[in-house]
Amino acid sequence: MPTALQTIGWWMRPLAFPDRVRARADGRRYTLKLAGQPPFVLLTDPDDVKALMTAPPNVLHPGEGARILEPIVGPNSVILLDEDLHMEQRKLMLPAFHGDRMQRLTGLMDELTERELDGWPLDAPVELHPRLQALTLEIILRAVFGLDEGPRLDLLRERLPQILSFGDSPISLMPPLQRLMRGRGRFGRFERDRAEVDRELYALIEERRAERDGDRDDVLAMLLDATHSDGSPMRDEEIRDELMTALVAGHETTASSLGFAFEQLARSRDVQERLAASVAADETAYLDATINEVLRRRPVLTIPEPRLVKREIEIGGWTYPVGAVLCAAAYQIHHDPAIYPDPYAFKPERFLERKPGTYTFLPFGGGRRRCLGASFALLEMRVVLRAAARRFTVSADRPRPRVRRRMITIAPGDGARVLLSRRPSPPSPSAAAAATERAAA
Ligand code: HEM
């Protein structure tokens, strides 16, 4: 297929295009040629993905390919680094994102979620995606940045989305043009917003260093406590860059995953009923299985970070030269009928029967670059879907939801448009059992 057609397919049909490739090519890998990019080799075999994810850090560089994020996340961001520098930042951040640690943020997430859900309109079509974006932003500002209610929170709530929207502008893809446009036009506006945000963030870090309140559970508290291998604390610039990294990596991704969850639930009444019954019984197994199924059907990064080859590497009998770019084809692996029978059906039950596999379930990528915020994102999805399942039934007013590409991620194409109705009362045990049987069938 000509490069132009591949590029159009990739941008305009983010899921139909890889589905079509799967139908045409039955090999274990294929090369995607996008205009202005080096050829991307997509690996569709879990054994090859394992080799990719476990290759030594000096052989593959995921960080180099993410350089276009630097104006927003800053040069110290874990996402931009490779080899030892990457590992050093990652180790500093790991304790802050540890699963047990995250549990302590549940109360705050519950409170913010209930407040947001109070404002959702009933019995009329509503686009949930913008509301979920507002909620995931609020959760990050409170639970990661550790901001309390007040003027600083109000200012950052307004400015940060403006900074993030720079990523949608074509200038964000052209660093040489940015140098020419310093202080002017769209880039100048972005620079001014960023300077204002940075002033607030550095003031926040300084205040929190002085405060030394040992009771805080937010991610900033952990970063202030983290020390480099030589015992020195993280510099203010490092902390600022990692806070912005968490925002860039964790805000849209979680909002879109939740949007997809509502879209899928709206089209599966049986799954909804079983979910409501299990939530009412304070069980988590079906809730977690539902979240896994949403992430399987709609991995917002259809491919995790592309890995640039720095030293020749052999994977699956093929040798890749320096300069090639290798990717795990997460979306395609998630829809391989040999791994997931009936792959296009939305069936959380499949994850009750077996746990997600390390190299067959890739919404969070894998290896030493696996998403640092996975526990945070899963907790957030649990809190929001549990609260919604208690309050609402969800239905759709259109047969098939559309999907659109937003830079490297995908998002609900119709803004996750659904209809919400008040759930009368928790389903009775017999209704729940019947729903379970229907959902399993
Ligand atoms: C459902 C929500 C999310 C999804 C689907 C997601 C997915 C991903 C993926 C696919 C990667 C690349 C992994 C790889 O290339 O192997 C990644 C990296 C990363 N994510 Fe997430 N993410 C989510 C939420 C979050 C949140 C909430 C945070 C932080 C609060 C976060 C922080 C990060 C960071 C820091 C990295 C870079 C890790 C590194 O380079 O070592 N993510 N994420």
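Predicted model, so just to flag it, every value in this text is computed and none were measured.

### A word on the pattern of salt bridges
With the rule as written, the count across this model stands at 39 salt bridges. Between D414 and R398 there is a salt bridge whose closest N-O contact spans 3.6 Å. Remark: R398 occurs in the loop between β9 (392-395) and β10 (403-406) and D414 occurs in the loop between β11 (409-412) and β12 (417-422); sequence separation between them is 16 residues. For R398, a relative accessible area of 36% translates into the label partly exposed. Through salt bridges with shared partners, a single network forms among D148, R208, E211, R216 and D218.

### Brief notes about unusual backbone geometry
Glycine aside, negative phi is the norm for most residues, and most peptide bonds take the trans geometry. Here the phi dihedral of D123 falls at roughly 60°; this positive angle occurs in a residue that is not glycine. Tracing the chain through its elements places D123 in the loop between α7 (106-118) and β4 (125-127). A relative accessible area of 53% means that D123 is categorised as exposed. Residue D282 is not a glycine yet carries a positive backbone phi of 60°. Tracing the backbone shows D282 in the loop between α14 (269-280) and α15 (285-297).

### Concerning the UniProt feature "binding site: heme" (unreviewed entry) in the protein chain
Here, the residues flagged by UniProt with the feature "binding site: heme" (unreviewed entry) are C371. Within the secondary structure, C371 is located in the loop between α17 (350-353) and α18 (374-391). By relative accessible area, which is 31% here, C371 ends up partly exposed.

### Looking at the site of the ligand
Within the structure, the ligand sits among 28 residues, and H86, R90, R307, G366 and C371 are positioned closest to it. Between an oxygen atom of the ligand and a side-chain N or O atom of H86, the distance comes to 2.7 Å. A distance of 3.0 Å separates an oxygen atom of the ligand from a polar atom in the backbone of E305. For the shell around the ligand, the secondary structure elements donating two or more residues are α5 (83-93), α13 (236-266) and α18. Among the elements that make up the shell around the ligand, the one with the highest residue count is α13 (7 residues). The residue inventory of the shell around the ligand, partitioned by class, reads 14 nonpolar, 9 polar and 5 charged.

### Section: the side chain of N292
Note that N292 resides in helix α15. Ignoring any residue separated from it by four or fewer positions in sequence, one finds N292 in contact with F351, P356 and F361.

### Here we look at the packing of aromatic side chains
Under the defined criterion, the tally for this structure stands at 7 aromatic pairs. Judged by centre distance (5.7 Å) and plane angle (75°), the rings of W120 and F262 are edge-to-face. With W120 in the loop between α7 and β4 and F262 in helix α13, this residue pair connects regions lying 142 residues apart in the sequence. Across the pair, exposure class does not vary: W120 and F262 are buried alike. Taking 5.8 Å as the distance between ring centres and 35° as the angle between the ring planes, the aromatic pair formed by F187 and F190 counts as tilted. Of the two residues, F187 and F190 both sit in helix α11 (residues 185-211), 3 residues apart, roughly one turn of that helix. Per residue, the accessibility class of F187 equals that of F190, and both read buried. Each residue in the set W120, F262 and F392 is aromatic and connected to the rest through ring pairs, giving one cluster. R298 extends its terminal NZ or CZ atom over the ring of F260, reaching a point 5.8 Å from the ring centre. It is R354 that lies over the ring of Y340; its NZ or CZ is 5.1 Å from the centre.

### Here's the deal with the sheet that holds strand β8 (residues 325-328)
The strand order β1-β2-β8-β5-β3 describes an open sheet built from 5 strands, whose pairing is mixed. Pairing within the sheet leaves two strands with one partner each, and these edge strands are β1 (29-32) and β3 (60-61). Bridging between strand β5 (residues 307-309) and β8 involves 2 bridges; their strand directions are antiparallel. Paired with R307 across the strands is L326, a residue of β8.

How each quantity is defined
Residues numbered from 1 in each chain as written. Predicted model: local features only at pLDDT ≥ 70, side-chain atom pairs only at ≥ 80, totals over all residues. Heavy atoms only, no water. Salt bridge = Lys/Arg side-chain N within 4 Å of Asp/Glu carboxyl O. Helix = DSSP H or I, 4+ residues; strand = E, 2+ residues; numbered from the N terminus. Buried < 20%, exposed > 50% of the residue type's maximum accessible area, 1.4 Å probe, protein only. UniProt positions renumbered as here; feature names shortened; annotations may be inferred. Near = heavy atom within 4 Å. Polar contact = N/O pair within 3.5 Å; in protein donor to acceptor, adjacent residues only side chain to side chain. Nonpolar A, V, L, I, M, F, W, Y, C, P; charged D, E, K, R; others polar. Contact = heavy atoms within 4.5 Å. Phe/Tyr/Trp six-rings, centres within 6.5 Å; stacked < 30°, edge-to-face > 60°. Lys NZ or Arg CZ within 6 Å of the ring centre and 35° of its normal. Pairing = 2+ DSSP bridges.

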